[in-house]
Amino acid sequence: MNAIRLAALAALLLLAGGALAADAPAPESPAFDAALAETLGADEYGMRQYVLVILKTGPTPVPAGAARDEMFRGHFANMKRLAAEGKLALAGPLDGVDGWRGLFILAVDDLEEAAALVATDPVVIHGEMIAEYHTYYGSAALMLVNETHEKVARKGF
């Protein structure tokens, strides 16, 4: 019987210790770079607010040919512009399943600003694609993707 009481007491002490540890502040990461975090708009967890944009097949597909080629050149130019302005953290095509064609992760605070930026894209202007918007909380390090991409891309679009 004493062994059971001793085991129960030990379990309670472990649980109490865990609760006390949960209340203690998390230690600061030894790799933390305050200047970089501030530059990237990071909060104390290294995260920030974004808007995730899903580009889906739109109501007016542009037929193959010169007009379509020009539209997509404009699409890529628009993405480069938004990345250079620090507004586009990440972009890329999707597999097309269920009409899902691509995504943007925009470094903006709200859906309205995201919609205004997406409205400048030729694929949206021409109705080739429509946009769906979602708030997204993710790593502020996404802001380094475009700079790093330039260093690993042998060719551009």
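Residues numbered from 1 in each chain as written. Predicted model: local features only at pLDDT ≥ 70, side-chain atom pairs only at ≥ 80, totals over all residues. Heavy atoms only, no water.

Chemist: For the pattern of salt bridges, give the residues involved together with the corresponding values.
Modeler: Opposite charge on two side chains allows them to pair when their charged atoms are near. Inspection of every chain in the model, using the stated rule, returns seven salt bridges. Across the pair glutamate 70 and arginine 73 runs a salt bridge whose closest N-O atoms are separated by 2.9 Å. On the criterion of helical spacing, the pair formed by glutamate 70 and arginine 73 is a turn pair, its members being three residues apart in helix 3 (residues 66-84). You can call glutamate 70 partly exposed: its relative accessible area is 46%. Its relative accessible area of 51% is what places arginine 73 among the exposed residues. (Salt bridge = Lys/Arg side-chain N within 4 Å of Asp/Glu carboxyl O. Helix = DSSP H or I, 4+ residues; strand = E, 2+ residues; numbered from the N terminus. Buried < 20%, exposed > 50% of the residue type's maximum accessible area, 1.4 Å probe, protein only.)

Chemist: Lay out the layout of surface pockets with the relevant residues and their values.
Modeler: Put simply, the largest pocket is a space of about 730 Å³. Lining the largest pocket are 26 residues, and of these Phe76, Met79, Ala91, His149 and Phe157 lie nearest its centre. Split into classes, the residues belonging to the lining of the largest pocket amount to 16 nonpolar, six polar and four charged. Around the second largest pocket, the lining comprises 17 residues; the ones closest to its centre are Phe32, Asp43, Glu44, Tyr45 and Gly46. Partitioning the lining of the second largest pocket into residue classes produces eleven nonpolar, two polar and four charged. (1 Å grid on protein atoms, 1.4 Å probe; cavity = no way out; pocket = protein on both sides within 12 Å on 5 of 7 lines; lining within 4 Å. Points joined across faces, edges and corners; volume = space filled by probe spheres on them. Nonpolar A, V, L, I, M, F, W, Y, C, P; charged D, E, K, R; others polar.)

Chemist: Would you mind going over the nonpolar core in detail, with residue names and values included?
Modeler: Val53, Leu88, Phe104, Leu106 and Val108 are the most contacted members of the largest nonpolar core, which has 17 residues in total. Elements with a minimum of two residues in this core: strand 1 (47-57), helix 3, strand 3 (100-106) and helix 4 (111-118). It is helix 3 that contributes the most residues to this core, four residues altogether. In this view, valine 108 contacts Gln49, Tyr50, Val51, Lys87, Glu113, Ala114 and Leu117; residues no more than four positions away in its chain are not counted. Tyr50, Leu103, Ala107 and Ala140 belong to the second-largest nonpolar core, a separate cluster that totals ten residues. (Core = buried A, V, L, I, M, F, W, Y, C linked by side-chain atoms within 4.5 Å. Contact = heavy atoms within 4.5 Å.)

Chemist: Account for the packing of aromatic side chains, with residues named and values stated.
Modeler: For any pair of aromatic rings, the description consists of the separation of the ring centres together with the inter-plane angle of the planes. Tallied over the entire structure, the rule returns one aromatic pair. Judged by centre distance (6.0 Å) and plane angle (35°), the ring pair of tyrosine 50 and tyrosine 136 falls under tilted. Here tyrosine 136 lies in strand 4 (residues 129-139) and tyrosine 50 lies in strand 1, a separation of 86 residues in the sequence. For tyrosine 136, a relative accessible area of 31% translates into the label partly exposed. In this structure, arginine 48 packs its charged tip against the face of tyrosine 50, placed 5.2 Å from the ring centre. (Phe/Tyr/Trp six-rings, centres within 6.5 Å; stacked < 30°, edge-to-face > 60°. Lys NZ or Arg CZ within 6 Å of the ring centre and 35° of its normal.)

Chemist: Tell me about the environment of leucine 117, and name the residues and values.
Modeler: Position of leucine 117 among the secondary structure elements: in helix 4. The exposure class of leucine 117 is buried, given its relative accessible area of 13%. Taking the C-alpha atoms as reference points, leucine 117 and asparagine 78, 39 residues apart in sequence, are found 9.4 Å from one another. In this structure, leucine 117 is in contact with Asn78, Leu82, Lys87 and Val108, ignoring residues within four places of it in sequence.

Chemist: Go over the pairing of strand 3 with me, naming the residues and quoting the values.
Modeler: Most of strand 3 is tucked away: five of the seven residues are buried. Taken together, the six bridges between strand 1 and strand 3 define a ladder with antiparallel strand orientation. Counterpart to isoleucine 54 in the pairing with strand 3 is leucine 103. Bridge count for strand 2 (residues 88-93) against strand 3 is five bridges, and the pairing is antiparallel. Looking at strand 3, one finds that alanine 91 is bridged to phenylalanine 104. Following strand 2, the chain reverses through six residues before pairing antiparallel with strand 3; glycine 96 in that reversal takes a positive phi of roughly 85°. (Pairing = 2+ DSSP bridges.)

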